[in-house]
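Remarks on the overall topology
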Amino acid sequence: MTCSSCANRIERKLNKMDGVQATVNFALETATVSYPAGVSPDDLVAAVEAAGYTAKPVADEPDAERGADGEDAGEDPELRTLRERLIYSSVLTVPVIALSMVPALQFRFWQWLVLALAAPVVVWGGFPFHKAAAKNLRHGTATMDTLVSLGTLAAFFWSLYALFWGGMGEPGMTMKFDFTASGGHAEIYLEAASAVIAFILAGRYFEARSKRKAGAALRALLELGAREVSVLRADGREETIPVDKLVVGDRFVVRPGEKIATDGVVVEGSSAVDASMLTGESVPVEVRPGDTVTGATINAGGRLVVRAAKVGADTQLAQMARLITDAQTGKAAVQRLADRVSGVFVPIVIALAVATLGFWLGSGEGATAAFTAAVAVLVIACPCALGLATPVALLVGTGRGAQLGVLIKGPEVLENTRRVDTVLLDKTGTVTTGRMSLVAAVPVAGGDEAELLRIAGAVEHASEHPIAKAIAAAAADKHGTLPAVEGFTNREGLGVEGIVEGHAVVAGRPALLADWGLTLPAELVAALDEAETAGRTAVAVAWDGEVRGVLVTSDTVKPTSAAAIAGLRKLGLTPVLLTGDNERAARSVAAQVGIDEVIAGVLPAGKVDAVRALQEQGKVVAMVGDGVNDAAALATADLGLAMGTGTDAAIEAADLTLVRGDLGAAVDAIRLSRATLRTIKVNLFWAFAYNVAAIPLAVAGLLNPMIAGAAMAFSSVFVVGNSLRLRRFASTAPEAGVAAVGSAAPKELATAGR
């Protein structure tokens with residue numbers, strides 16, 4: 001593909017197939033296709049080939065695309081050929097322009113030397129354009145290449161006619177350069193033909209190089225993974241195998257300084273793990289047996305033995321790469337408009353060029369002026385900048401986001417970030433660390449504190465909730481192995497129920513105990529009130545029809561939360577704390593981070609209702625959460641942001657994933673999304689405005705074809721260069737950008753981070 005018209009044409013061809021939905025991305029040179037059972041990839045390839053192009057299915061893991069420093073192991077042959085054509089064409093074009101523009105350099109037979117120099121440029125240098133134009137002609141279509149080929153060949157053959165039959169080949173003929181269409185007859189256009197080819201080749205070359213730089217972040221992300229892994233076999237020996245041979249359940253060794261091969265669970269050893277290249281968190285995390293670790297992170301301390309839990313496409317690294325690729329492949333609403341325009345643009349331009357030629361001939365200005373104006377129209381109108389405006393900005397923006405721990409799911413998300421005015425923040429795990437700890441165990445009068453903790457810890461051990469984990473961990477530390485639980489039930493937003501050693505146990509809110517017909521005695525009500533006043537969370541425990549006590553847990557506010565809330569306010573957003581916790585605990589946390597509005601005591605369904613209630617008030621709502629109980633609200637909100645440290649359900653439901661697990665990443669996510677959208681709009685404005693302003697000048701004969709070629713090439717380079725500015729986007733937390741490109745990151749990623 002050479003321009004957005006090509007991409008548009010392939011997309012239309014694929015979408016004509018029954019049940020097929022395709023999106024073609026010009027910048028990535030990919031088509032993302034969903035198709036029914038009756039259609040095969042071979043059918044899709046055949047459809048693309050029928051349109052005059054080539055295609056092949058891409059692998060799920062694009063290893064062949066990997067390369068540090070933004071380059072493949074071997075240079076792209078197409079890029080190398082393009083560079084060679086550019087160099088030779090430029091070397092030959094410089095004297096052609098000099099001789100044609102400066103009368104003092106025009107010796108007796110200068111025009112024939114110019115022909116000898118210009119011919120290889122037009123024929124060999126412009127061969128890719130002529131070849132593509134011929135292919136388009138066979139398929140009855142026209143693209144940007146058609147315009148370039150038509151314009152340059154017309155200028156070249158007009159010059160041949162003028163030299164051999166028009167008297168321009170006579171000795172002593174002189175010519176001067178004019179920025180506009182000349183009304184005289186002493187003109188040949190060899191300098192325009194060769195200069196247009198050289199300028200457009202330059203634009204194509206720098207565009208291709210810039211697109212590779214734009215995709216460097218994704219390639220660097222793919223490069224992070226380990227290549228080999230030392231697997232422990234049943235007889236205790238270690239065997240080194242390629243990481244793609246690893247299977248779920250394998251135990252593998254990670255020595256200090258090595259990358260963890262895949263997502264898994266630590267079974268032996270303890271160490272500090274540096275996850276900065278994936279999450280942006282600069283401080284290594286301590287892990288011990290039972291803790292989960294992520295593939296591509298680095299073991300910074302002792303020897304670990306890890307059991308593989310996820311491999312291949314299921315790992316967090318692969319999911320990140322897939323999210324980025326999906327985002328880059330999509331199209332924003334503004335780009336769809338550009339696609340529709342470019343689809344009909346080329347035929348209109350050709351018709352306009354013919355009309356321009358006829359008008360000038362009819363006005364009696366002479367064939368030279370008519371021809372110059374028509375060629376200028378053909379050259380200036382090439383719509384390649386339109387095709388690059390959105391995808392290159394998305395490519396750079398999503399890549400930079402990955403470096404900062406922000407994954408954008410799709411281009412439509414960008415539009416939503418611009419409109420959002422209210423942000424709902426889940427408390428536990430989002431504003432706070434989510435790492436609860438047991439503060440106190442208060443048994444009923446005459447009760448046994450140790451037994452209270454042991455029985456409650458057993459039933460809570462089956463739950464994934466942070467409060468449950470805190471109680472279970474405290475119970476295990478005190479009592480060792482906890483008794484098994486039977487008939488476990490998680491009462492969403494209320495607590496848990498189960499049978500432990502024959503006791504029917506319930507632990508959770510007083511409202512859950514009330515469902516069992518149980519009421520807390522006065523001393524436990526006082527303990528519960530005291531805990532909630534201090535911003536802590538109390539869990540009531542009962543078994544065998546009697547209330548046994550209250551367990552008090554506490555969470556801590558993340559150190560970055562207050563600054564992140566201030567950052568959200570600077571973006572014009574109103575933060576609201578939304579939690580299933582009690583009102584007093586929620587108010588305590590809200591006061592610490594600077595949130596004025598609190599919605600507390602809501603069940604998961606209540607979170608959805610809270611989102612809808614704000615939407616009914618005319619608010620455009622963003623939701624930030626991390627748990628299973630946040631998934632429905634994330635999906636309901638206009639913009640869902642999931643903490644990457646949260647559950648798969650939350651991440652799947654969200655529009656943006658914050659890999660860092662830091663609320664400051666939400667500020668970066670919205671800022672980066674808005675910056676990417678602004679870049680897209682500037683790109684499209686430039687592309688549209690350039691054509692709108694330049695085409696009338698060309699029609700009016702105020703534009704020399706050579707200047708038109710330079711301007712057209714510059715428009716594409718401008719769009720790509722403007723998009724590349726997003727690589728310098730800085731996080732609000734200065735350490736995030738540096739941390740995200742830790743020492744293990746490839747050179748290209750590290751350079752972009754700094």
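Residues numbered from 1 in each chain as written. Predicted model: local features only at pLDDT ≥ 70, side-chain atom pairs only at ≥ 80, totals over all residues. Heavy atoms only, no water.

**A word on the overall build of the protein**
The helix and strand inventory of the protein stands at 28 helices and 24 strands. Out of the 754 residues in the protein, the part that is buried amounts to 54%. Taking contacts inside the protein between residues at least 6 apart in sequence as the whole, the part at least 24 apart equals 69%. (Helix = DSSP H or I, 4+ residues; strand = E, 2+ residues; numbered from the N terminus. Buried < 20%, exposed > 50% of the residue type's maximum accessible area, 1.4 Å probe, protein only. Contact = heavy atoms within 4.5 Å.)

**Points about a nonpolar patch on the surface**
Together, Ile87, Tyr88, Val91 and Trp124 line one region of the surface with nonpolar side chains, adding up to about 430 Å² of accessible area. When residues of the nonpolar patch are assigned to their parent elements, the largest contribution, three residues, is made by helix α3 (residues 77–101). (Patch = residues over 30% accessible without salt bridge, like charges linked within 9 Å, V, L, I, M, F, W, Y side chains within 5 Å. Areas by Shrake-Rupley, 256 points an atom, 1.4 Å probe, with all protein chains shown as cover. Salt bridge = Lys/Arg side-chain N within 4 Å of Asp/Glu carboxyl O.)

**With respect to the UniProt feature "transmembrane region" (unreviewed entry) in the protein**
In the UniProt entry, the feature "transmembrane region" (unreviewed entry) is given for residues 86–103, 109–127, 147–168, 188–206, 341–361, 367–396, 682–700 and 706–724. Annotation note: span residues 147–168, helix share 82%, strand share 0%, distance between end C-alpha atoms 26 Å. (UniProt positions renumbered as here; feature names shortened; annotations may be inferred.)

**Quick word on the sheet that holds strand β5 (residues 251–254)**
Sheet architecture is open: six strands sit in the order β4-β3-β5-β11-β6-β9, paired in antiparallel fashion. Every other strand in the sheet has two partners, leaving β4 (238–242) and β9 (292–293) as the edge strands with one partner each. Pairing of strand β3 (residues 228–232) with β4 involves five bridges; the strand directions are antiparallel. Looking at the pairing, Ser230 lines up with Thr240 of β4. (Pairing = 2+ DSSP bridges.)

**As for the environment of Ala353**
Tracing the chain through its elements places Ala353 in helix α11 (residues 333–362). For Ala353, a relative accessible area of 6% puts it in the buried group. Not counting chain neighbours up to four residues away, the residues in contact with Ala353 comprise Ala374, Val377 and Leu378.

**Comments concerning the pattern of salt bridges**
Counted under the stated rule, the structure contains 14 salt bridges. Across the salt bridge formed by Glu239 and Arg237, the nearest N and O atoms sit 3.8 Å from each other. Look at Glu239 and you get partly exposed, because its relative accessible area is 27%. Residue class for Arg237 comes out partly exposed when judged on its relative accessible area of 43%. Of the charged contacts in the structure, one is a salt bridge between Glu268 and Arg251, with a shortest N-O distance of 3.4 Å. With a gap of 17 residues between them, Glu268 in strand β6 (residues 264–268) and Arg251 in strand β5 connect regions that are remote in the sequence. The exposure class assigned to Glu268 is partly exposed, which follows from its relative accessible area of 38%. Each of Arg233, Arg237 and Glu239 takes part in a single network of salt bridges with overlapping partners.

**Quick notes on the packing of aromatic side chains**
According to the stated counting rule, one finds seven aromatic pairs in the structure shown. A connected cluster of aromatic rings, assembled from ring pairs, spans Trp112, Trp158, Tyr161, Phe164 and Trp165. The ring centre of Trp124 lies 4.9 Å from the NZ or CZ of Arg85, which sits over that ring. (Phe/Tyr/Trp six-rings, centres within 6.5 Å; stacked < 30°, edge-to-face > 60°. Lys NZ or Arg CZ within 6 Å of the ring centre and 35° of its normal.)

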